[in-house]
Structures are given as structure tokens and as C-alpha cells.
Amino acid sequence: MQAHITDFSLHISRLLTPSSAGIVHSVYHRTINLMFHGRLAALQSRGSVLSPVSLLTDQEDLLAATGELITPGIPVQITEDQGILFAGIPLEVSFRNAAGHDLALSPCLDPLRLSDLAGQLLYTISTANDHGFHQLFLPDADIGSSFVLSAAQQRIQSCTRLYQEERYKEAAASLSGLIGLGIGLTPSGDDFLCGVLAGLTISMCQDHPFALALHDEIRSRLSDTNDISRSFLSCALEGQFSQPVVQLSSMVSPEEISREFARIGHSSGMDTLSGIYYILSL
């Protein structure tokens, strides 16, 4: 069987060099994660959200198409004719003629747009119906029974206080303690921090002392979370984000924002939006 990659992130394309060898890292839902030289590349089914590690294929359900034969640890190889071979599996994934996408986030140069965006994000997260970090920014939310939310609230409040006192390194250290907090493939704390890093770029604060300190703190603590989440945080540190984040400043309504970020994953989209909102409000 042959599948075709239709779209990919330019950020991850450097892994697709002839004769590169890797392994299947993990398999879940409609995604096969590959690991090359310590970097993750995600083979995804058609219609998935394009992320900095994405290789989108033309298959509706990639795992079903392979008969679910692919398991973690199987060796993979990049071929000379732009294909990915799986050892012992009758599957070749071709990336000839695939379209590359630049997922580098650009700053927003319009202060009025930033103010309007902050209002849209607050409305969007206030209408969310999951149990993510957005609850920390709602006045009537009851988080007392959630250890994760209580711990996150303490760190965020500490960060805010230290930031206002211009103790930027200490503020960054407090906030970076969110790494690995939560459950799932990408813990809520990591998604929130990806949003924070995006918010710093969107608001043109990527060179602020707090931003520089936060980059250093997150980079030093990447081992505190899992491989998949570490990959997304590493991409965020390099200014690379999922497509909805890159397109956020051009979205015209809270409804569009909610719809597009809901595609990122269970609670991950709202956790990311919450991180962006935190920075815009800070």
C-alpha cells in the first residue's frame, strides 16, 4: 500500500533527508509519530490540524489503512526517491509533490487589534465547556476540587505578582513550573505555556526581559514532560506553532476562533488560547 503526504511543516522537513533512519515512536488515534534524531514527526490522517511537526497524508484513517500493523519501535527509513519505508510493513509513504507550509508566527503590529483580540479571547474561553485552564480566568469558576487547576492558579498568580514587581526571572521560574502539569499527550500546563510563548510574539514582546527569561526556564525544564509535549514546546521556543495559532490575528469572530482551536485537540486548544489571553491581559 502507498500513502501520500499532501502537506507538511517546513520546520520539520529537514528531517526528511535521504537515508535518515528512525523509529515509530507512538501510535494513537489517527496519527503515527516517528522519531528521527531525537525529533518528532507526526504522520497524520487527512483533515488533521497542521502543526509544526505535521506530515498530513491523503488517508482518511491512516491506522485503519495499514491494518493496524504499525507499532512503536518499528524502524523507518527515508528513501532516495522521497518516501518513508516501514520495516516489515507493506506501506510506503511518499512525500513527492507535497506542499510545505511556513508555521512561523508573526507579531501583530496593530495595538487596537491586540485589544480587540484580547476581548474576543476572553469571550471565547468564557463559553468553553471543558475543564481546562480557561477556568482560571473566569470570576465564578470553582476550581477548589481540582489539584491541577489549584496548582496552576498558584503559579500563575505568583508569576503575575512577580512580573508587576519587575522580578522577571523569578516570574519566569514560577510560570515554567507548569511544565508537565496535567494529564494526556500534551498536559494542560504545556499547552498553556505554548500559548504564553505565542502571546509574547503576537504582542511584540518576544524580546522583553520576561520573555527571554521564560525561554531559558522552559528550555532548561523540557525533560519534565513527555516526548510529544516536549516537541511542541521546543517548536514554540523556535517560534513555530499550529496553524490556528499562526492564523489567530486574522480570525474575525470568537465563533471562528472557538471552531478552529477546537480542532487542535481535547482541551488543548482552549488551554493554548488561555495562555495567549494571559499574556495579552498581563
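Not measured: the values here are computed from a predicted model.

Per the secondary structure count, the protein includes 10 helices and 9 strands. The C-alpha atoms of the protein give 19 Å as radius of gyration, which agrees with the globular expectation for 282 residues (19 Å, within 12%). Summarising its shape, the C-alpha atoms of the protein cover approximately 60 × 35 × 35 Å along the three principal directions. Excluding contacts between residues fewer than 6 apart, the proportion of contacts in the protein whose partners are at least 24 apart in sequence is 64%. In the structure as shown, the protein presents an accessible area of about 12,400 Å², 52% of it carried by carbon and sulfur atoms.

With respect to the secondary-structure elements, Ser20 resides in the loop between strand S1 (2-9) and strand S2 (21-28). Overall, the relative accessible area of 6% leaves Ser20 in the buried class. For Ser20, the side chain forms a polar contact with the side chain of Thr17, separated by 2.5 Å. Residues within four places of Ser20 in sequence aside, it is in contact with Leu15, Phe36, His37, Val76, Gln77 and Ile78.

Let's shift gears to unusual backbone geometry. Of note in this structure, Gln82 is not a glycine but carries a positive phi near 60°. In this structure, Met204 is a non-glycine residue whose phi angle is positive, near 60°. Mapped onto the elements of the fold, Met204 is located in the loop between helix H5 (188-202) and helix H6 (209-220). A relative accessible area of 38% places Met204 in the partly exposed class.

The subject of this paragraph is the environment of Asp7. Turning to its location among the elements, Asp7 is positioned in strand S1. Take Asp7: its relative accessible area is 22%, and that puts it in the partly exposed class. Distance from Asp7 to Ala99, taken between C-alpha atoms, is 4.7 Å for residues 92 residues apart in sequence.

For Thr186, the location among the structural elements is in the loop between helix H4 (168-176) and H5. Thr186 gets classed as buried once you look at its relative accessible area, which sits at 17%. One polar contact links Thr186 to Asp191, side chain to side chain, over a distance of 3.2 Å. If near-sequence neighbours (up to four positions away) are discounted, Thr186 is found in contact with Asp191, Ile228, Ser229, Phe232 and Ser268.

Any covalent bond linking the sulfur atoms of two cysteines counts as a disulfide. Taken as a whole and assessed by the stated rule, the structure comprises 0 disulfides. Considering cysteine sulfurs only, Cys235 is the nearest to Cys194, which forms no disulfide, with 8.5 Å between them.

Grouped together as the largest cluster of nonpolar side chains are 54 residues, with contacts concentrated most on Leu175, Phe210 and Leu248. Contributing elements (two or more residues each) for this core: helix H2 (111-126), helix H3 (147-164), H4, H5, H6, helix H7 (227-237), helix H9 (254-262) and helix H10 (268-281). Tallying contributions element by element places H5 first for this core, with 8 residues. Residue contacts for Leu175: discarding those within four places in its chain leaves Ile156, Cys159, Phe192, Leu193, Val196, Phe210, Leu214 and Tyr278. Formed by 29 residues, the second largest nonpolar core is a distinct cluster that contains Val24, Ile32, Leu55 and Val76.

As a further point, take the packing of aromatic side chains. Applying the stated rule across the entire model yields 7 aromatic pairs. Centre to centre, the rings of Phe133 and Phe192 are 5.6 Å apart; their planes meet at 50°, and the pair counts as tilted. Residue Phe133 is found in the loop between H2 and H3, and its partner Phe192 is found in helix H5; the two are separated by 59 residues along the sequence. Grouping residues by exposure puts Phe133 and Phe192 together as buried.

Attention now goes to the packing of H3 against H4. Between two packed helices, what matters for the description is the angle formed by their axes and the separation of those axes. With their axes 8 Å apart at the nearest point, H3 and H4 run at an angle of 170° to one another. When the axes of H3 and H4 are compared, the pair comes out roughly antiparallel. Along its contact with H3, which presents Arg155, Ile156, Ser158, Cys159, Leu162 and Tyr163, the element H4 presents Tyr168, Glu170, Ala171, Ala173, Ser174 and Leu175. Considering only residue class, the contact of H3 with H4 consists of 8 nonpolar, 2 polar and 2 charged.

Here H6 contains 12 residues, and its C-alpha end-to-end distance of 17 Å stays within 8% of the 16 Å for a straight helix at 1.5 Å per residue. Along H6, the residues that are buried comprise Phe210, Ala211, Ala213, Leu214, His215 and Ile218. The inward-facing, buried residues of H6 contact H3, H4, H5, H7 and H10.

Thresholds applied
Residues numbered from 1 in each chain as written. Predicted model: local features only at pLDDT ≥ 70, side-chain atom pairs only at ≥ 80, totals over all residues. Heavy atoms only, no water. Helix = DSSP H or I, 4+ residues; strand = E, 2+ residues; numbered from the N terminus. Rg over C-alpha atoms; globule rule 2.2 N^0.38 Å. Contact = heavy atoms within 4.5 Å. Areas by Shrake-Rupley, 256 points an atom, 1.4 Å probe, with all protein chains shown as cover. Buried < 20%, exposed > 50% of the residue type's maximum accessible area, 1.4 Å probe, protein only. Polar contact = N/O pair within 3.5 Å; in protein donor to acceptor, adjacent residues only side chain to side chain. Disulfide = S-S within 2.5 Å. Core = buried A, V, L, I, M, F, W, Y, C linked by side-chain atoms within 4.5 Å. Phe/Tyr/Trp six-rings, centres within 6.5 Å; stacked < 30°, edge-to-face > 60°. Axes fitted to C-alpha atoms, helices over the stretch in contact; angles between N-to-C directions. Parallel < 35°, antiparallel > 145°, perpendicular 65-115°, else oblique. Nonpolar A, V, L, I, M, F, W, Y, C, P; charged D, E, K, R; others polar. Expected span 1.5 Å × (residues − 1).

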